[in-house]
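# A structural walkthrough
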Amino acid sequence: QNDVVAFYRLMWSILWIIIGTMFLVCTLVLYMAYKPVYRLMAEVKEYEGDEFEKITNALHSGRVKILEQEMLIMDLLLKHLIHGGHISRKKIGSLGVDATFQHFCVCVLDGHTLLSNEVKQLTTVIEEKYNARFFVTDWQGEERSILIFFLREADIKEMTAWLMKWCEEHLLVDYRLSIGKLVNELDDIRSSFVDCLNQRKTEENFIDNKQS
C-alpha cells in the first residue's frame, strides 16, 4: 500500500512538472510571437486607437509619406528635364534615394501614356529584378511617357530588353520606345532625355526623306 501511494505521488509530481514545463514553453512561445508586435507598437505609439488601428494608421501614414517623396522627386526631375536645373544629390538623398544609385537613364515612350496599374507592374519588376529605382510621368498633355531610371549597375542591356519585350506584349497601340544614353551624373539626366528626342527626330526625318 505504501508503494502504491508513493507511486501515485510520484506520478502527480511528474504530471505537475510536465504541466509547469508546458506552461513555461507556451509563455515563451507567446512572448516570442508577440515581441515583434510589441516592438512595432513602441514605434507607433503616437497614433491613436487600439493596436490594429495604430498599425493601420502607421501604414497609411507611411504610404502617404512615400507618395509625397515620389512627387517631390518627380518635381525635381521635371524641372531638370524642362529647364535643365541643377539636381542636388543631397536633396535627392533626403527624399529616400541613396547614394548607391550611380547611373541614370531616360526612356521615352511615344504613343501611349502608362496607366497606374502598368506603372505598378513595371516598378515591381524593375525594383526587384534589376535593383533599380523607376520614375515615370507623362509629358505636357501629349501621348508620351517619360521613364527615368536610377541604376546601381552600368549594364542596362538586360533591363531595356525586358522593357521592350514588355511593351510588345502589353501595348495594343502603335508606339515608339526610345532609349537614351546611360549617364553617371544627376545633372546629365536631361542629356539622356534629349538623346531620346534626337533619336525620334532622326527617325522622322528619315521617314520624310524616304517619302519625298
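Everything here concerns the structure above.
So, how was this worked out
- Residues numbered from 1 in each chain as written.
- Predicted model: local features only at pLDDT ≥ 70, side-chain atom pairs only at ≥ 80, totals over all residues.
- Heavy atoms only, no water.
- Helix = DSSP H or I, 4+ residues; strand = E, 2+ residues; numbered from the N terminus.
- Rg over C-alpha atoms; globule rule 2.2 N^0.38 Å.
- Buried < 20%, exposed > 50% of the residue type's maximum accessible area, 1.4 Å probe, protein only.
- Contact = heavy atoms within 4.5 Å.
- Areas by Shrake-Rupley, 256 points an atom, 1.4 Å probe, with all protein chains shown as cover.
- Lys, Arg positive; Asp, Glu negative; His and termini not counted.
- Charge placed at Lys NZ, Arg CZ, Asp CG, Glu CD.
- Pairing = 2+ DSSP bridges.
- Expected span 1.5 Å × (residues − 1).
- Arc of directions from axis to C-beta.

Turning to the overall build of the protein, a few remarks are in order. On a plain count of helices and strands, the protein comes out with 6 helices and 4 strands. When its helices and strands are written in sequence order, the protein yields α-α-α-β-α-β-β-α-β-α. Against the compact-globule benchmark of 17 Å for 212 residues, the protein has a radius of gyration of 29 Å, which places it well outside the compact range. Over its C-alpha atoms, taken along the principal directions, the protein stretches across nearly 120 × 35 × 30 Å. Going through the 212 residues of the protein one by one, you find that 29% of them count as buried. Within the protein, contacts between residues at least 6 apart in sequence are counted, and of these 65% link residues at least 24 apart. Summed over its atoms, the accessible surface of the protein is roughly 14,500 Å², and 58% of this surface lies on carbon and sulfur atoms. Mean positive and mean negative side-chain charge positions of the protein (24 and 31 charges, respectively) differ by 5 Å.

Attention now goes to the pairing of strand 2 (residues 133-139). In terms of burial, strand 2 is a largely internal element, 5 of the 7 residues being buried. With 7 bridges joining them, strand 2 and strand 3 (residues 142-151) adopt antiparallel strand pairing. The residue of strand 3 that forms the bridge with Phe-134 is Phe-149.

The terminal C-alpha atoms of helix 4 (residues 116-129) lie 20 Å apart, and with 14 residues this matches the ideal 20 Å at 1.5 Å per residue to within 8%. Among the residues of helix 4, Glu-118, Val-119, Leu-122, Thr-123 and Ile-126 are the ones counted as buried. For helix 4, the angular spread of buried residues about the axis comes to 130°, placing them on one side. In this structure, helix 4 carries Asn-117, Lys-120, Glu-128 and Lys-129 as exposed residues pointing more than 90 degrees from its buried face. Structurally, helix 4 contributes buried residues whose contacts are with strand 2, strand 3 and helix 5 (157-170).

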